[in-house]
Amino acid sequence: MTRFASVLLTVLICLVAIGQFVQVITRYVLEIPVMGLEESLLYPTLWLYMMGAVNASRENTHIRANVLEIFLSTDRQRQVLAVIGEVISLIVGIWLTTWAWDFTKYSIRVWRESPTLYLPTFYVDIALFAGLVLMMIFTAWHLLVHLRALFAPSTPAPEGDAQ
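My aim in this report is to walk through the structure given alongside it, one point at a time. The model shown is predicted, which means the values in this text are computed figures rather than measured ones.

The rules behind the values
- Residues numbered from 1 in each chain as written.
- Predicted model: local features only at pLDDT ≥ 70, side-chain atom pairs only at ≥ 80, totals over all residues.
- Heavy atoms only, no water.
- Helix = DSSP H or I, 4+ residues; strand = E, 2+ residues; numbered from the N terminus.
- Expected span 1.5 Å × (residues − 1).
- Buried < 20%, exposed > 50% of the residue type's maximum accessible area, 1.4 Å probe, protein only.
- Contact = heavy atoms within 4.5 Å.
- Salt bridge = Lys/Arg side-chain N within 4 Å of Asp/Glu carboxyl O.

**Observations concerning helix H1 (residues 2-29)**
Argument step 1. Its 28 residues place the ends of H1 39 Å apart at the C-alpha level, agreeing with the 40 Å of an ideal helix rising 1.5 Å per residue.
Argument step 2. For H1, the complete set of buried residues consists of Ala5, Leu9, Leu12, Val16, Gly19, Gln23 and Thr26.
Argument step 3. Close packing links the buried residues of H1 with helix H2 (37-59).
Argument step 4. Phi turns positive, to about 55°, at Glu31, one or two residues after H1.

Shown next, in the form of structure tokens:
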């Protein structure tokens, strides 16, 4: 999974970077803009954003402001805080996922096309729903890990160990 995510994100970021480079060179240096390039860059850009968020969710490396951890003294208290955070994330994420599903159904029904190249925008729109579903799966997984750690029997350290 890690290898696939790395390759996918690398390919997507390279596509976006190359596309933006071509856009800048052709538009501002050669003064010959490529029609539809911005439109076609929307596809890898949106998928890059969403898959990057999925990857951060998978690795549990989202930016957090854990101010409450400063006031917590035990590992158990930190686990409880982590469980609360994951539950809130799951609730909000599921709510957003239902909205994304409604938007996906709308996108299928309307089947919009891009203005210049007439590409179906459904393939951009579906990135939101797919990304949110994957993020919710990883959030639920992290919740289970925190719950398992919270309810695991604590094992006292042997008396002879100095740590």
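**A few points about the pattern of salt bridges**
Argument step 1. This model, assessed by the stated rule, comprises 4 salt bridges.
Argument step 2. Put simply, Arg58 and Glu59 hold a salt bridge, and the shortest N to O gap is 3.4 Å.
Argument step 3. Given the relative accessible area of 41%, Glu59 is considered partly exposed.
Argument step 4. Close ionic contact of Lys105 with Asp102 constitutes a salt bridge, the shortest N to O distance being 3.6 Å. Of this pair, Lys105 and Asp102 both sit in helix H3 (residues 75-110), 3 residues apart, which is roughly one turn of the helix.

Worth remembering: the numbers are spatial, not functional.
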